[in-house]
Amino acid sequence: MNRKLKNSELNRKSVADFKEAEKTPIIIVLDNIRSLNNVGSVFRTADAFLIEKIYLCGITATPPHRDIQKTALGATDTVTWEYAEDSVALVQQLKKDGVHVCAIEQAEGAVMLDKFMPITGEKYAVVFGNEVKGVQQEIVSLSDTVIEIPQVGTKHSLNISVSAGVVIWDLFSKLGVS
């Protein structure tokens, strides 16, 4: 029989331990995300996989905010984040810094997520776009890689928080981080 574990049995890191822990070499860039609940969900995913940093760009709301906190459940206290007004300029800077930029988008020449193989030791920035318009074309054009999540149903896209969870887990597992 399987018994659900109590929170006290999960051996989770304290906030201090999280801050000191070696981070997964992934940066999340949120490009003009409208929903504060989506922002909070991405923080929670970033906490779960020890993500290095989140950039909140353009119209994306920043902590502290009640609606972000509702879904982040404290992850805004653990995950390092920064606001950048211009996501295009940010992506250009990340590229100059040697970060491999991946737009998560449906585009010509996109690599399907299941076929994308990150290189251990390289740092990645994954850019997630606006709920309606997606990642800005200029960022798609600047990206080193465009990654598409394979889908076989009738809908054209996934919710941004779901996309982030799928992509971050996939990269985390392929990078062999633990």
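Use the structure listed above.
Residues numbered from 1 in each chain as written. Predicted model: local features only at pLDDT ≥ 70, side-chain atom pairs only at ≥ 80, totals over all residues. Heavy atoms only, no water.

Looking at this structure, I do not really get the pattern of salt bridges. What am I missing?
A side chain of one charge can pair with a side chain of the opposite charge when the charged atoms of the two come close. Tallied over the full model, the rule gives nine salt bridges. Note that Asp67 and Lys70 form a salt bridge whose closest N and O atoms lie 3.8 Å from each other. Of this pair, Asp67 and Lys70 both sit in helix α3 (residues 66–72), three residues apart, roughly one helical turn. Exposure remark for Lys70: the relative accessible area of 53% places this residue in the exposed category. A single salt-bridge network, built from bridges that share partners, covers Arg66, Asp67 and Lys70. (Salt bridge = Lys/Arg side-chain N within 4 Å of Asp/Glu carboxyl O. Helix = DSSP H or I, 4+ residues; strand = E, 2+ residues; numbered from the N terminus. Buried < 20%, exposed > 50% of the residue type's maximum accessible area, 1.4 Å probe, protein only.)

Would you take a moment to explain the sheet that holds strand β3 (residues 81–84) for this structure?
The strands that make up a sheet pair up through hydrogen bonds in the backbone, lying either parallel or antiparallel. Strand order in the open sheet made by the seven strands is β3-β2-β1-β6-β4-β7-β5, with parallel pairing throughout. The sheet is open, and its two edges are formed by β3 and β5 (111–112), each paired on a single side. Here strand β1 (residues 24–31) runs beside strand β2 (residues 51–57); their pairing, made up of six bridges, is parallel. From the neighbouring strand, Val29 faces β2, where its bridge partner is Tyr55. Strands in contact with helix α2 (residues 36–48) are β1, β2 and β3; relative to β2, the strand with the most contacts, it is inclined by about 165°. (Pairing = 2+ DSSP bridges. Contact = heavy atoms within 4.5 Å. Axes fitted to C-alpha atoms, helices over the stretch in contact; angles between N-to-C directions.)

What should I look at first to understand the packing of aromatic side chains in this one?
Aromatic ring pairs are reported here in terms of the distance separating the ring centres and the angle at which the planes meet. Within this structure, the stated rule accounts for four aromatic pairs. Judged by centre distance (5.8 Å) and plane angle (45°), the rings of Phe49 and Trp169 are tilted. One end of the pair, Phe49, is in the loop between α2 and β2; the other, Trp169, is in helix α6 (residues 160–175), with 120 residues separating them in the sequence. Using a relative accessible area of 17% as the deciding quantity, one classes Phe49 as buried. (Phe/Tyr/Trp six-rings, centres within 6.5 Å; stacked < 30°, edge-to-face > 60°.)

Explain unusual backbone geometry to me, please; I cannot follow it from the model alone.
As a rule of thumb, non-glycine residues mostly have phi less than zero, and peptide bonds are mostly trans rather than cis. Residue Pro64 follows Pro63 across a cis peptide bond; omega there is -5°. Within the secondary structure, Pro64 is located in the loop between β2 and α3. Positive phi values are uncommon outside glycine, yet Leu50 reaches one of about 50°. With respect to the helices, strands and loops of the structure, Leu50 is situated in the loop between α2 and β2. Unlike most non-glycine residues, Leu73 shows phi in positive territory, near 50°.

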